[in-house]
Amino acid sequence: MSMKLEQISLSVGSQTLIENVELFIEAGKVTSLMGASGSGKSTLLSYISGTLNHKIAGSGRILVNGQEVQDLPAERRKIGLLFQDALLFPHLNVGENLGFGLSSAVEKPHRRKKIQEALERAQLTGIYDKNPVTLSGGERSRVALMRTLLAEPDALLLDEPFSRLDEQIKQSFREFVFETAMEKNIPVLMVTHDIQDTQVAQSMSGGPVFMLEQQQIKPLGNDDMTQTNTRRVQ
Amino acid sequence: MCVKPRSFYTWIFLVVFGLSGLVACTPPSKNETPLNLSEITWPQIEERARGQTVYWNAWGGDQRINAYIRWVGAEVKEKYDLTLVHVKLNDTSEAVARILAEKAAGRTDDGTVDLIWINGENFSDLKANNMLFGPVSGVLPNYQWVDQEQPAFIEDFTIAVDGLQVPWGLSILVWLYDSQSVTKPPQSPDELLLWASENPGRFTYPAPPDFVGTSFLKQLLIAFTEQDSLLTLPVSETSKHLADPVFEFLDQLKPLLWREGRTLPTNSLALKQLLADGEVDFSLSFNPADGISGVLSGQLAESVKTYTMKTGALSNGHFVAIPQNASAKEGAMVIANFLLSPAAQAKKADIEVWGDMSALDIDNLEPEAQALFEKLQQEKRLILPNQFERSLAEPHPSWTKYLERVWLERYAQ
Amino acid sequence: MNKTATQLIFISVFVLPMLAAAGGMLIPAFGIITLGQWQAPSLSAWINLTDTPGLGQSSLLSISSGLVATIISVVLSQAFVARRYSKGSSKGFDSLSRFLLAAPHVSVAVATAFLLAPSGWLVRLLSPWMTGWERPADYLLPNDPWAGALILGIVMKELPFMLVVSVAAINQIKPKPLLDTCQSLGYSFAQSWLFIIVPGIYKRIRLPIFIVLAFSVGAVEQALVLGPTQPPTFSIKLMQWFSDANLSSQGTLAAGSLSLILLTFLSFIVWRLLEIVITWLYKMRVSRGQRQLFWAPVLWSISYIAGLLIIIAVVSVAMLSVLSFTQGWRFPTFLPEHWSFAVWDSNIVLLLPALSQTLLLGVTAAILSVSLALVCLEMGQSDRFFEVYGKWWLFIPLFTPQVSLLFGLSLGWTLMRMDGMWLTVLWSHLIFCLPYAWLMLGDSFNAIDSRLIASARTLGASQMKTFFVIKVPLLKQQIANALALSFLVSASLYLPTLFAGGGRFSTLTIETMALAGSGDRRVLGALTLVQLMLPFIALLLAKWLPRIRLSHLRANESADTAGAMN
């Protein structure tokens, strides 16, 4: 399994965000993409997932397992997307949120079991009927991840998934996300501005790190990363 | 990249677009064969009328009349399986304008008005435009009971009725006054002026072209000209000076009116409310039972009395007619016939119901029908035309228009 | 293709009628069709129109009463919200003005008439002990030739509307830090509010102000009940021509309808000039550094007038309803002597059919217009047609005088033989309900976090599923509010019901208008009471229905409960 981006261009009006970008994302690894805010990282994820705002023009091919998906509607691409705010649907309880992700092909008697399994997997037993508003930030994040995974995506996109979490929760959750993703053996693309995220991703999964700068994506070597790190610290 | 549309929009499309399509395309219900009065019998008409919906356009400002029309609706539903819809008008000319607009738009059948409560200039307008169906009166079985010698039913505002409208009742323009403040009601226009000068701000009349307001002007016209025969003819250059005294009188009256005549009540019901509120001491009505019923219902003070002036009271007939382009002519005829039945007429004449004077010649009715009216008379619930002073016939309808136009030019600007 | 379908629905329900109305006015006005015949264009209709006596005065009355009523509503509302902000909002006043906002125009107009009349309860309150009047005095209210009563009647209905939109604007501005800064610079609260906050509010309520102005210039219900009669305002003059078979031709009527639109535009221009003058004066003063103390008393006295007006309006509406339970109430007694249910007994047969027709039309129109608005908004997120053009088409009925619009439409309806049909009435209601439903839902719909939608889509939910399972439940409260508002708009429509229905469909508003100028005031009281129950029930349902399920969750508790109703 893999995901491949070819000749991707994005623009808002006359302003070009990304021009003719190519990227290969390997399965089982967490590929990181860094870049300044406003550089178009998140927009790129929207384009890949098929949820681009209609005011933004996008073009280029997206291949998931060799299949072109760029002309499919979002729901048929099978590309999961996880945001920094664990966005649970506020009018549904935890179980219903997870059920929303689960494919309708799973028959009724098995559904609840599957959801319970997912909750156990995320060490969240006993919150099935809870209102998402009452959960802690860490709990919410894990529910959101499980919801995405229950949909059995062929690829996973992470949009700054850890930036809103407390330092303590962040570490354990980050490891949990990467482990789970690697276990599923699907391509993962993570957009972040936190150098720690990329370092963990690299050390755990061996995924490469890229930088989005001046409308182009360039690979970052270890030296560059240190540099970026220093720049951040300053 | 745009979001792909789903079948759900097709569904919404079908519902909403289908709905608007339905609005545009619903075929009007039509009768298979056109109605030819010379080739059809009354039972056949009743048969064809069954199940029809009749839109009766009738002035709807009086709750008691509306209630009577509702009663008619219930009766014809039960007896003839007819649905009667009372289209309430603020002024009969609204419906006349609609019929003429339909004619202008080429809508010669399937019109929106099936039956119209009408007389005078509105009748004259429709007759002149050939927009009345008939003659229908002779076809109606109950027409035999109508007082056919009544001049108001032969000529309506001097225009020959010709069976194009069916008599329904008789009206007389009566005065209501509060006997607590008016001890000796004026008996002529001049006495009225005198009273008004002694009691400024306590008298007013409905603003023409309101029906009653214009009738007040006509009554003045007849009184001042002492029923000149020129009034039965159209207004001409040589006869129009006859109206001058009316406006000289109104000029003198104006500063003495309620609110110095700067505003007038919109119609006779508004005037009645002013009398009820004690803002004025007089009201005018074409329904001689108005005062009595107002007192009974508690709207008017018990001191309110009804009378007509010694110089006479304007009197006319009122009718129902069927427009040429009506959709449910048979149903309209069945209703017109029902309205002439002794039972319907007796109910209408009951002061507690409406108090409108009957169109029938009571002496010629069958005994059991006569008994209905006799019972009312015994219980003092009946008003008869001969109770009032001289009744004055309506002038030619062109006088109505002439008086209204001059009045508007002089007082409405 | 299906996007095209939605566009087609929108066009057929909404855009086509607007074009038909324009055609229905322009074609006869220039004599292109006279009595069903095609002819060369001519100006004879306009010449006929300008020959009509009293036309200039009617036009002047329409423009001046519209402008004055709008100015008063704006000034009063600004003073009132300033006080509301400084003293903390009062729940009582908020619900009173919301109640007035939801009350039909007709009811408020009739109540104002009963308030002002020489035998009305204002005079009764003061008589005979203060005025010495044993019999009603003879003064010229309502229907005064200067349109004072008309202006008051409009203000009573538009003031609450301006209050609601101003409060919404204040919530957006968050004035506290600005005010603190100004006050620390030595300006009084009143002056700070006027010089710094009001310009910000004004920018946000400009659109509603123009809606109020257009409405006031073309007002029909209020003008029929309260307006001058000799001559009446332009819109009433038009109404009279419609019903006079003799005086008018289709061409003159069409030219008259267009003239009323021109008058509305003229009032917009005057308003724009006023804006320029006031901005200039403001710029002159604002940076002079004068700390003026007189603003506070001015502002507070105006705010008291506004508060008093709201109370008077509500009390007179209530008094009118009380009338229906009386039996004989002679001047000058302040309270009725005898109480009875007689009026209700004898009129229940009239009320029930009118009530059920009102409910049937209102509920259908509300459901359809809210559904259509939601679908169009959903399309608007991916399509420029709805986002940009849709909105402008929607504003047409709010900026065009109803008489003119309906005259244009009714010609088409007569030709197509559609007048007098229930579906035509419903259609005419949709034209006026849809804009309000759209305005009411638009902001919250577009405020839904797009990432929430992206999450749903990437989890495999189609656009339809996302719409029904995520968006609609999230907007439950707003949808309920929009339904209530659309229902109330429909229930209060007079001219559309009259024109499209050919007078055949009797709603509460139609019955009230039929009796408004005359008739037994006690019956009017009964009608008013039933009409006031509707907003009560509608607003209550809008508040409680969305809570029935998942009561612990509300997607978005928003302040715009009563919303923008006009």
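Preceding this section is the structure that the text describes.
Before going into details, it helps to say that this report is about the structure given with it. Given the structure is predicted, the values throughout are model-derived calculations rather than measurements.

Parameters and conventions
- Residues numbered from 1 in each chain as written.
- Chains lettered and ligands numbered in written order.
- Predicted model: local features only at pLDDT ≥ 70, side-chain atom pairs only at ≥ 80, totals over all residues.
- Heavy atoms only, no water.
- Pairing = 2+ DSSP bridges.
- Helix = DSSP H or I, 4+ residues; strand = E, 2+ residues; numbered from the N terminus.
- Contact = heavy atoms within 4.5 Å.
- Axes fitted to C-alpha atoms, helices over the stretch in contact; angles between N-to-C directions.
- Buried < 20%, exposed > 50% of the residue type's maximum accessible area, 1.4 Å probe, protein only.

Moving on, we come to the sheet that holds strand β4 (residues 56–64) of chain A. Residue and element names in this part refer to chain A. With antiparallel pairing, the 4 strands of this open sheet are ordered in space as β2-β1-β4-β5. Only two strands of the sheet have a single neighbouring strand rather than two, namely β2 (15–26) and β5 (67–68). In the sheet, strand β1 (residues 2–12) pairs with β2 via 8 bridges, with the strands oriented antiparallel. For Ser 2, the partnering residue across the bridge sits in β2 and is Glu 26. Packing against the sheet, helix α1 (residues 41–49) makes contact with β1, β2 and β4, and its axis sits at approximately 120° to β1.

For the rest of this paragraph, the subject is the environment of Gly 307 of chain C. All names here are of chain C. Structurally, Gly 307 can be placed in helix α13 (residues 295–323). Residue class for Gly 307 comes out buried when judged on its relative accessible area of 6%. Counting along the chain gives 194 residues from Gly 307 to Gly 501, while the straight-line C-alpha distance between them is 39 Å. If we ignore the near neighbours within four places in the chain, the residues touching Gly 307 are Phe 80 and Phe 93.

Looking now at the sheet that holds strand β9 (residues 304–307) of chain B. All names here are of chain B. The antiparallel open sheet is built from 3 strands, whose spatial order is β8-β7-β9. Looking along the sheet, the strands with just one partner apiece sit at the ends: β8 (282–285) and β9. In this sheet, neighbouring strand axes are inclined to one another by 25° on average, regardless of whether the strands run parallel or antiparallel. Summarising the sheet, strand β7 (residues 174–178) and β8 pair through 4 bridges and their orientation is antiparallel. Looking at the pairing, Tyr 177 lines up with Phe 282 of β8. Contacting β7, β8 and β9, helix α10 (residues 268–276) crosses the sheet at an angle of about 150° to β8.

The next point concerns the side chain of Asn 337 of chain B. Turning to its location among the elements, Asn 337 of chain B is positioned in helix α12 (residues 329–339). If sequence neighbours within four positions are ignored, Asn 337 of chain B has contacts with Trp 42, Leu 140, Pro 141 and Asn 142 of chain B.

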